[in-house]
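Here is how the chains run, residue by residue.
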Amino acid sequence: ENWTALLIDFFTFEERRAGLVPTAFFDFGFQPSVGLFFWHNAPDVLEGNFFRASAAFGGIDWLRGTVSDRLRLSEETELGLTFDALHRPDFVYQGTGYDSERSQRSRYRRDYLEGRLDFRFMPWRESEVRFRAGVIWNQFAPDGYNWGRRGDPTLQQAVDDQGWYELPPGFEGYTAYRQRLDVVIDTREPRPAAGHGVRVEAYTGLGFDLNDPVENRWIQYGGAIGGFLDVGANRIFGLYGLARFADPLGTAPVPWLEQVNLGGDPMIMSGFIQNQLVDRSALVATLEYRYPVWVWLDGSLHFSVGNVFEERLSNFHVERLRMSFGFGLRSIGDRDQSFNILLAFGSEPFDQGAQVSSVRLLVGSQQGF
């Protein structure tokens, strides 16, 4: 009945070059939020200019705003500037290490302001080189979570009353300069071409606290490799693995948010929530099946094994790996704002029985810029 065209026309204007749409996001275990997403593509004003802005509201204590402007310099290059601000009370922390426990999860408040510059070079197929540099201001409150009586304790209670762990490094707050270089070689062509091919990634990043740049600085690095087989009509089997590392370059430990974390990503160990697994290194292998559901929607099934470990995988052992498995739906096309449905599960390490201890249910619109 052409109802999709009617919806698109209702939320867009200027011949679909601009639009304003409502958004909503629910991630089980966190405060839900609603918001607005605005975009404007203005080739007649400035060739290749793409403006994006979003605002989200999850209560007076849950606020986020993001503004991004990208300029396509040529068919292969793009330059972008982004400002992001967040005030949110329900972030989780359950200690660090491969054996951190769901039963010791606590909550804290985080406020941050970030400004960054992005450069992308896309020379061939899905290959690209990305460089990002910016400054982020972080402030934390261990007692800023006001749902303690209904579930998880605050981080302050976990430290003072329960004695589960100490405050993580960097919790006193910091302002950091960060830069990162990603190099991706991907032999696949954009859809609707067949989706088989090989993808190889490598990255390195440097950061330091502007208040103590000599003693408090760090490096992040890692990579991934994967192979993909299209069995027809964009029904794709993928097998890929990744390794990630974070090391101090000064005497101060790496702030825990700058260490390696697993969780919150819809593609990697998606049975765990954001920052649920944190340590100095990580190793993950994933088997995935993706298939088209609709012209704008893909389905996926995944099974992963992986975990975080101490510096440079020094305490790695196969029995210390965890499992993650689940099902998801994800919109395709626009990388700035995507619609996702995800149901996934995460387990304890194999040496602790591998029982399912984490359930993630996600529905809504996720920001990607």
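Residues numbered from 1 in each chain as written. Predicted model: local features only at pLDDT ≥ 70, side-chain atom pairs only at ≥ 80, totals over all residues. Heavy atoms only, no water.

Engineer: How should the layout of surface pockets be read in this particular structure?
Structural biologist: Taking a probe equal in size to a water molecule and rolling it over the atoms shows the remaining empty space. In this structure, the second largest pocket spans a volume of roughly 1,100 Å³. As for the second largest pocket, its lining consists of 27 residues, of which Val-21, Trp-296, Ser-331, Gln-337 and Phe-339 are closest to the centre. For the lining of the second largest pocket, the secondary structure elements donating two or more residues are helix H1 (3–11), strand E2 (18–27), strand E3 (33–41), strand E5 (63–72) and strand E18 (337–347). Ranked by the residues each element gives to the lining of the second largest pocket, the list is headed by H1, at 5 residues. Among the residues forming the lining of the second largest pocket, the class breakdown is 13 nonpolar, 8 polar and 6 charged. (1 Å grid on protein atoms, 1.4 Å probe; cavity = no way out; pocket = protein on both sides within 12 Å on 5 of 7 lines; lining within 4 Å. Points joined across faces, edges and corners; volume = space filled by probe spheres on them. Helix = DSSP H or I, 4+ residues; strand = E, 2+ residues; numbered from the N terminus. Nonpolar A, V, L, I, M, F, W, Y, C, P; charged D, E, K, R; others polar.)

Engineer: Looking at this structure, how should I read helix H2 (residues 155–162)?
Structural biologist: All of the buried residues in H2 are Leu-155, Ala-158 and Val-159. The buried residues of H2 occupy an angular sector of 90° when projected down its axis, which confines them to one face. For H2, the exposed residues set more than 90 degrees away from the buried face come down to Asp-160 and Asp-161. Within two residues after H2, Gly-163 carries a phi angle of roughly 65°, on the positive side. (Buried < 20%, exposed > 50% of the residue type's maximum accessible area, 1.4 Å probe, protein only. Arc of directions from axis to C-beta.)

Engineer: Any chance you could explain the pairing of strand E6 (residues 77–93) here in plain terms?
Structural biologist: Taken residue by residue, a regular strand's side chains alternate between the two faces of the sheet. In terms of residue burial, E6 counts as a mostly covered element, since 12 of its 17 residues are buried. As judged from the 10 bridges shared by E5 and E6, these two strands associate in the antiparallel manner. Each residue of the ladder has a partner; that of Arg-70, found in E6, is Gly-80. As paired elements, E6 and strand E7 (residues 106–121) share 15 bridges and run antiparallel to each other. Each residue of the ladder has a partner; that of Phe-91, found in E7, is Tyr-108. (Pairing = 2+ DSSP bridges.)

Engineer: Looking at this structure, how should I read the confidence of the model for the chain?
Structural biologist: Low-pLDDT portions of the prediction should not be read for the details of their coordinates. In this model, the chain carries a mean pLDDT of 90, and residues with pLDDT of at least 70 account for 96%. Per-element averaging of pLDDT across the chain places H1 at the bottom with 75 and strand E9 (residues 174–186) at the top with 97. (pLDDT = per-residue confidence, 0-100.)

Engineer: Sorry, what's going on with the pattern of salt bridges here?
Structural biologist: Close approach of charged atoms allows side chains of opposite charge to pair. A complete count under the given rule lists 27 salt bridges for this structure. Glu-128 is the partner of Arg-120 in a salt bridge, and the nearest nitrogen-oxygen pair spans 2.7 Å. Glu-128 matches Arg-120 in its accessibility class, with the two residues each being buried. Linking Asp-186 and Arg-199 is a salt bridge whose minimum nitrogen-to-oxygen distance equals 2.8 Å. Placement of Asp-186 in strand E9 and of Arg-199 in strand E10 (residues 197–209) is noted, with a sequence separation of 13 residues between them. According to the relative accessible area criterion, Arg-199 is buried, its value standing at 19%. If you follow the salt bridges from partner to partner, you end up with Arg-70, Arg-72, Glu-78, Arg-120, Glu-128, Arg-130, Arg-180 and Asp-182 in one network. (Salt bridge = Lys/Arg side-chain N within 4 Å of Asp/Glu carboxyl O.)

Engineer: What should I look at first to understand the side chain of Arg-360 in this one?
Structural biologist: Position of Arg-360 relative to the elements: it lies in strand E19 (residues 356–367). Judged by relative accessible area, which is 2%, Arg-360 ranks as buried. One polar contact links Arg-360 to Asp-27, side chain to side chain, over a distance of 3.1 Å. (Polar contact = N/O pair within 3.5 Å; in protein donor to acceptor, adjacent residues only side chain to side chain.)

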